Amino acid sequence: MIKTGKQNLITDVPGIQVGNAQDELIRTGVTVILPEEPAVASADIRGGGPGTRETEALNSDCLVDVVHGIVLSGGSAYGLDAAGGVMASLREQKIGFNLGDAIIPIVPSAILFDLLNGGDKDWGVKPPYFDLGFKAAQAIGKGFDLGNIGAGYGAIAGGLKGGLGSASFVFSEGESKISVGAIAAVNSMGSLTMPGSKTMWAFPYEQNDELGKQPMPEKNTKIDLDFSFELPLGKNTTLVTVATDAVLTKPQARRVAIMAQDGLARAIRPIHSPFDGDCVFVLSTGKCELSDPVVGVSKLGMLAADCVARAISRGVYLAETMGDLESYRDRYGS
């Protein structure tokens, strides 16, 4: 049996917590995903304009085998400072690798571009992202809002107000019950809706009316395959973290990340453009054994991709209008 988790959030995965912080004046924010214990991690980056920190350490041939958190941030390259704030918070709690008297938390991160969304970016000498990262790490918990929050606060998605979304599944695999969830900060160049329609590309994956009972495309509707590219380009990126309690090696986590990237293609068109920095992280808390390392990973990756598509769509569906950035529900109705 496959069903949504109790909260339909990434935090339905045992041992995963999320914290958010945002600055309403600047129109930006930070989202932090923290495992209660160090977690195996990997990443897959497919956008043509990524901005990341410590993602090379996630390669299978690198020494570090676990991480202490993942950060998704607005602010373009300035937002990479958010990971430093998270590290400071974790260090205060003595969380990290212990090397002599040093404590070093490993916190890979990725950023999206939200510098042209109408917020006041005249922050002076010190960008706000270190402090936002610290604040988000101090606010972690199992429940959190969606839409205009965290890294999705100032996001724009294909001409609509973007946002932060999440979704989850629980399923049986052999004798284990596996949890998998995704969280997405959606700031895409591509559109989430079919041309000339309110129907989201991800409508087949909707669970329990989480997208407002998406309408089916009209029968024999001919879809216009062209796309109007909004100028100026280069102000985009969708960031995703997938978490699971399945036991995964780093190579297996990498395979799940690769498969989960397909969730972006199910929800956004176009995706992985030269102007997006699309990135998927995977965290494994390693509590539940897969009965078969091939079939189990395949099923996990399949459902992770479905969660990603749903999380992306929920982030935009639940976003609210901000200034002249119109929300999905204000444009099309709920």
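These figures come from a predicted structure and were not determined experimentally. Throughout, residues of each chain are indexed from 1 in the direction in which the sequence is written. Reporting in this predicted model follows two pLDDT cut-offs: at least 70 for local features of residues, and 80 or more for side-chain atom pairs to be given and counted; totals over whole chains, interfaces and linings ignore these cut-offs and use all residues. Calculation of side-chain values draws on the structure's entire complement of heavy atoms; hydrogens and water are dropped beforehand.

Draft legend 1. Fine view of the sheet that holds strand β12 (residues 163-173). Between any two strands, pairing holds if DSSP finds at least two bridges. Only DSSP runs of H or I with at least four residues qualify as helices, and only runs of E with at least two residues qualify as strands; both kinds are numbered from the N terminus onward. Judged by pairing direction, the sheet is mixed, and its 6 strands sit side by side in the order β1-β12-β13-β14-β15-β4 without closing on themselves. Among the strands making up the open sheet, the edge pair consists of β1 (2-3) and β4 (40-45). Two residues form a contact once any of their heavy atoms are found within 4.5 Å. Each axis is a line fitted through C-alpha atoms, taken for helices only over the stretch in contact, and angles between the N-to-C directions span 0 to 180 degrees. Along the sheet face, helix α4 (residues 295-317) touches β1, β12, β13 (176-186) and β14 (238-246) and points at about 150° away from the line of β12.

Draft legend 2. A look at the nonpolar core. Counting residues in each nonpolar core, the largest one holds 44 residues, and the members touching the most others are V180, V242 and I312. Elements represented by at least two residues in this core include exactly β12, β13, β14, α3 (250-267), β15 (279-288) and α4. The greatest single-element share of this core, amounting to 11 residues, is contributed by α4. If we skip the residues at most four places from it in the chain, V242 touches I10, V180, G181, A182, A260, V280, F281, V282, L283, A304 and V308. Buried Ala, Val, Leu, Ile, Met, Phe, Trp, Tyr and Cys residues form a nonpolar core when they are joined through side-chain atoms within 4.5 Å. Any residue under 20% of the maximum accessible area for its type is buried, any over 50% is exposed, and the rest in between are partly exposed; the area is computed with a 1.4 Å probe on protein chains only. Grouped together as the second largest cluster of nonpolar side chains are 28 residues, L58, I106, A110 and F144 included.

Draft legend 3. Main features of the packing of helix α1 (residues 82-92) against helix α2 (residues 129-138). Interaxial distance between α1 and α2 falls to 6 Å at its minimum, and their mutual angle equals 45°. By the criterion of interaxial angle, the relationship of α1 to α2 is oblique. Where α1 crosses over α2, the two elements pack in a sense that is right-handed. Along its contact with α1, which presents A82, G84, G85, V86, A88, S89 and E92, the element α2 presents Y129, F130, G133, F134, A137 and Q138. Of the residues belonging to the contact of α1 with α2, the class tally is 7 nonpolar, 5 polar and 1 charged. In this scheme, roughly parallel covers angles under 35 degrees and roughly antiparallel covers those over 145, while 65 to 115 is roughly perpendicular and the rest are oblique. Note: crossing handedness is left-handed where the near helix turns anticlockwise from the far helix by less than a right angle, and right-handed where it turns clockwise. Classification used: nonpolar for Ala, Val, Leu, Ile, Met, Phe, Trp, Tyr, Cys and Pro, charged for Asp, Glu, Lys and Arg, polar for all others including Gly.

Draft legend 4. Expanded view of the sheet that holds strand β5 (residues 52-53). Spatially, β2-β3-β6-β9-β5 is the arrangement adopted by the 5 strands of the open sheet, whose pairing is mixed. The open sheet has two edge strands with one neighbour each: β2 (16-23) and β5. Of the strands in this sheet, β2, β3 (28-35) and β6 (70-73) touch α2, which is tilted by about 45° from β3.

Draft legend 5. Up close: α1. Within the span of α1, buried status applies to A82, A83, G84, G85, V86, S89 and L90. Looking at the buried positions of α1, the neighbouring elements they touch are β3, β5, β6, β9 (109-111) and α2. Taken from the residues just after α1, K94 is the one with a positive phi, measuring 60°.

Draft legend 6. Examining the pairing of β6 more closely. Here β6 shows no split at all, with I70 and L72 on one side and V71 and S73 on the other all buried. Examined bridge by bridge, β3 and β6 share 4 bridges and lie antiparallel to one another. Bridge pairing in β6 places T31 opposite L72.

Draft legend 7. Just the side chain of D44, in detail. In this fold, D44 is placed in strand β4. By relative accessible area, D44 is classed as buried at 4%. Under this definition, polar contacts are N or O atom pairs within 3.5 Å; protein pairs additionally need one hydrogen-donor-capable and one acceptor-capable atom, and for neighbouring residues in sequence, both atoms have to be side-chain atoms. Separated by 2.7 Å, the side chains of D44 and R254 make a polar contact. Non-local contacts of D44, meaning those with residues more than four positions away in its chain, are made with R254, A257, I258, Q261, D278, C279 and V280.

Draft legend 8. Seen up close, the pairing of β12. Where burial is concerned, most of β12 is hidden: 10 out of the 11 residues are buried. Note that β1 and β12 share 2 bridges and pair antiparallel. Looking across to β12, one finds that I2 is bridged to F171. By the bridge criterion, 11 bridges tie β12 to β13 in an arrangement that is antiparallel. Bridge pairing in β13 links S168 to G181.

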